Amino acid sequence: MRRFIAVLCLVPVLLAVAGCGPSEGQNIGLYLGSVTIHERRLQAWAEELETLVPRQGEEPTDLATVRERVEALQQLVRDERTEVSKLHVPEPCEALHKMHDRAFDLAARRLGLLATFLVEAEKHQKGTLATPALAQALRTTQSDLAELAATAETLDEEIRQAKIELAQKFPEVQVPEADPPAVAPSP
C-alpha cells in the first residue's frame, strides 16, 4: 500500500518536472546568442584580412609578419568553427547552422587565397618569380577575394533574414541588435 501511495505521489511530480525545460524558442534564442558571438569574430577577421591584402603596385614589406598573421587567422577560424560545431542546434536552426558552416568555409577560402599569394610574393622577393607574374598573381588574388567577399556579404544577409524569420515564428527569440541590414533602407 505504501508503494502504491508513493507512486501516486511521484507521478504528478514527474509530470511537472518533464515540462520544466526551456521552450523551443528559448533554445533557439540561446543558440542565436552563442552563434552571434562567433559571427562577430568572423566579421572582424574578415575586415582584418582586407587590410592584409596588398594593393596593386605595392608589395608587402614584411612578408613574414603578414604570413604569420594569416596563419594565425587561419587557426582562429578553424578553432572558432570547431566551437560552433559543438553548439546544440535546435531543429528550426539547422538551415541557419549550415549557413554558418558556409560562412566559415568562405573565410577559410579567403585566407587560403591570401596565403597562396604570399608564397608567390616570397618567390618574387627571392628572385624566382618575375614581377609581371607577381602582378598577375595579385590581380587574380584580388579578383577572387572580391568575389568571395561578395558571396560572404550575400550570405551574411541570408543569415540575418533567417534570424528575423525565427524571431517572427518564436516570440522568445530576439535578433541581436548588432545585426543591422547589409544595406540600410532608403528614407
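All values derive from a computational prediction rather than experimental measurement.

> I keep staring at the overall build of the chain and nothing clicks. Help me out?
The number of helices and strands found in the chain is five helices and zero strands. Written out in order from the N terminus, the α and β elements of the chain read α-α-α-α-α. A total of 187 residues make up the chain; the buried ones form 32% of that total. For the chain, long-range pairs separated by at least 24 residues make up 79% of all intrachain contacts whose partners lie at least 6 apart in sequence. Total accessible area computed for the chain in this model is approximately 11600 Å², and 57% of it derives from carbon and sulfur atoms.

> So what exactly am I meant to see when it comes to the side chain of Glu-122 here?
Secondary-structure assignment places Glu-122 in helix α4 (residues 94-126). By relative accessible area, which is 19% here, Glu-122 ends up buried. Among all residues touching Glu-122, those that are not within four sequence positions of it are Leu-63 and Arg-67.

> Can you help me understand the packing of helix α2 (residues 24-52) against helix α3 (residues 63-85) in this one?
Helix packing for two helices is described by the angle between their axes and how far apart those axes are. Where α2 meets α3, the axes come as close as 11 Å, and the angle between the chain directions of the two elements is 165 degrees. Between α2 and α3, the angle falls in the class roughly antiparallel. Regarding α2 and α3, the two cross each other, and that crossing is left-handed. Contact with α2, carried on its side by Val-35, His-38, Arg-41, Leu-42, Trp-45, Glu-48 and Leu-52, involves Val-66, Arg-69, Val-70, Leu-73, Leu-76, Val-77, Glu-80, Glu-83 and Val-84 of α3 and no other residues of that element. Split into classes, the residues belonging to the contact of α2 with α3 amount to ten nonpolar, one polar and five charged.

> Sorry if this is basic, but what is going on with the confidence of the model for the chain here?
Keep in mind that low pLDDT regions are not for reading the predicted coordinates in detail. Mean pLDDT over the chain works out to 82, with 79% of the residues at or above the 70 mark. Note on residues 6-18: pLDDT under 50 across the span, and zero contacts to partners over four residues away in sequence or across chains. pLDDT under 50 marks residues 178-187. Its contacts with residues more than four places away, or in other chains, come to ten contacts.

> Which parts of the structure should I look at to understand the packing of α4 against helix α5 (residues 131-169)?
Packing of α4 against α5 leaves a shortest axis separation of 9 Å and a crossing angle of 165 degrees. Here α4 lies roughly antiparallel to α5, going by the angle between them. Classified by chirality, the crossing of α5 by α4 is left-handed. When grouped by side-chain class, the residues that make up the contact of α4 with α5 number 18 nonpolar, five polar and seven charged.

> I'm lost on the environment of Leu-32 in this one. Help?
For Leu-32, the position within the fold is in helix α2. Residue Leu-32 is classed as buried on the basis of its relative accessible area of 1%. C-alpha separation for the pair Leu-32 and Lys-163, spaced 131 residues apart in sequence, amounts to 7.8 Å. If near-sequence neighbours (up to four positions away) are discounted, Leu-32 is found in contact with Leu-96, Lys-163, Leu-166 and Val-173.

Calculation rules
Residues numbered from 1 in each chain as written. Predicted model: local features only at pLDDT ≥ 70, side-chain atom pairs only at ≥ 80, totals over all residues. Heavy atoms only, no water. Helix = DSSP H or I, 4+ residues; strand = E, 2+ residues; numbered from the N terminus. Buried < 20%, exposed > 50% of the residue type's maximum accessible area, 1.4 Å probe, protein only. Contact = heavy atoms within 4.5 Å. Areas by Shrake-Rupley, 256 points an atom, 1.4 Å probe, with all protein chains shown as cover. Axes fitted to C-alpha atoms, helices over the stretch in contact; angles between N-to-C directions. Parallel < 35°, antiparallel > 145°, perpendicular 65-115°, else oblique. Left-handed = near helix turned anticlockwise from the far one by under 90°. Nonpolar A, V, L, I, M, F, W, Y, C, P; charged D, E, K, R; others polar. pLDDT = per-residue confidence, 0-100.

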